[in-house]
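# A look at the structure
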Amino acid sequence: MKIIGVSLLMTGCLMGLSIGIDILQGADIFQALYKAVNPFRVMEVVELFALFFLLLLFFADSAYIFIKKRKGKEGE
């Protein structure tokens, strides 16, 4: 769970930094948000599939490790 938490925290901080820099350069909030998510909007179907597949593998592996550790603690 720490890995997921750190990954989400880093993603949020980096997106916040990007949005903050856009706002300081004179863009309004909606333009800054659009620029932050625009790379995902121009991806092709195959690229989106690969992205979601890798995210699924990441979360599945983290969940498996979490469940494995939890069952190990219950057996003690």
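Residues numbered from 1 in each chain as written. Predicted model: local features only at pLDDT ≥ 70, side-chain atom pairs only at ≥ 80, totals over all residues. Heavy atoms only, no water.

Next up on the list: the layout of surface pockets. Here the second largest pocket is characterised by a volume of approximately 170 Å³. Listing elements by their share of the lining of the second largest pocket, those giving two or more residues are helix 1 (2–24) and helix 3 (45–74). Residue contributions to the lining of the second largest pocket peak at five residues, all from helix 3. Domain assignment of the residues forming the lining of the second largest pocket places at least three in each of domain 1 (1–38) and domain 2 (43–75). (1 Å grid on protein atoms, 1.4 Å probe; cavity = no way out; pocket = protein on both sides within 12 Å on 5 of 7 lines; lining within 4 Å. Points joined across faces, edges and corners; volume = space filled by probe spheres on them. Helix = DSSP H or I, 4+ residues; strand = E, 2+ residues; numbered from the N terminus. Domains from an automatic or database assignment.)

In terms of domains, the protein is made up of domain 1 (1–38) and domain 2 (43–75). One C-alpha centre belongs to domain 1, the other to domain 2; they are set 23 Å apart. The interface is formed by four residues belonging to domain 1 together with four residues belonging to domain 2. Taking both sides of the interface into account, the surface hidden between domain 1 and domain 2 amounts to around 380 Å²; carbon and sulfur atoms contribute 86%. Our count for the domain 1 to domain 2 interface comes out at zero salt bridges. At the junction of domain 1 with domain 2, the criterion picks out zero residue pairs in polar contact (both at pLDDT 80 or more). Along the lines of polarity and charge, the residues of the side of domain 1 that touches domain 2 split into three nonpolar, one polar and no charged. (Contact = heavy atoms within 4.5 Å. Buried area = accessible area lost by both parts, 1.4 Å probe. Salt bridge = Lys/Arg side-chain N within 4 Å of Asp/Glu carboxyl O. Polar contact = N/O pair within 3.5 Å; in protein donor to acceptor, adjacent residues only side chain to side chain. Nonpolar A, V, L, I, M, F, W, Y, C, P; charged D, E, K, R; others polar.)

Once that is clear, we can look at a nonpolar patch on the surface. On the surface, a cluster of nonpolar side chains totalling about 550 Å² of accessible area is made up of Phe 49, Phe 53, Leu 54, Leu 56 and Leu 57. Structurally, the position occupied by Phe 53 is in helix 3. With a relative accessible area of 41%, Phe 53 lands in the partly exposed category. (Patch = residues over 30% accessible without salt bridge, like charges linked within 9 Å, V, L, I, M, F, W, Y side chains within 5 Å. Areas by Shrake-Rupley, 256 points an atom, 1.4 Å probe, with all protein chains shown as cover. Buried < 20%, exposed > 50% of the residue type's maximum accessible area, 1.4 Å probe, protein only.)

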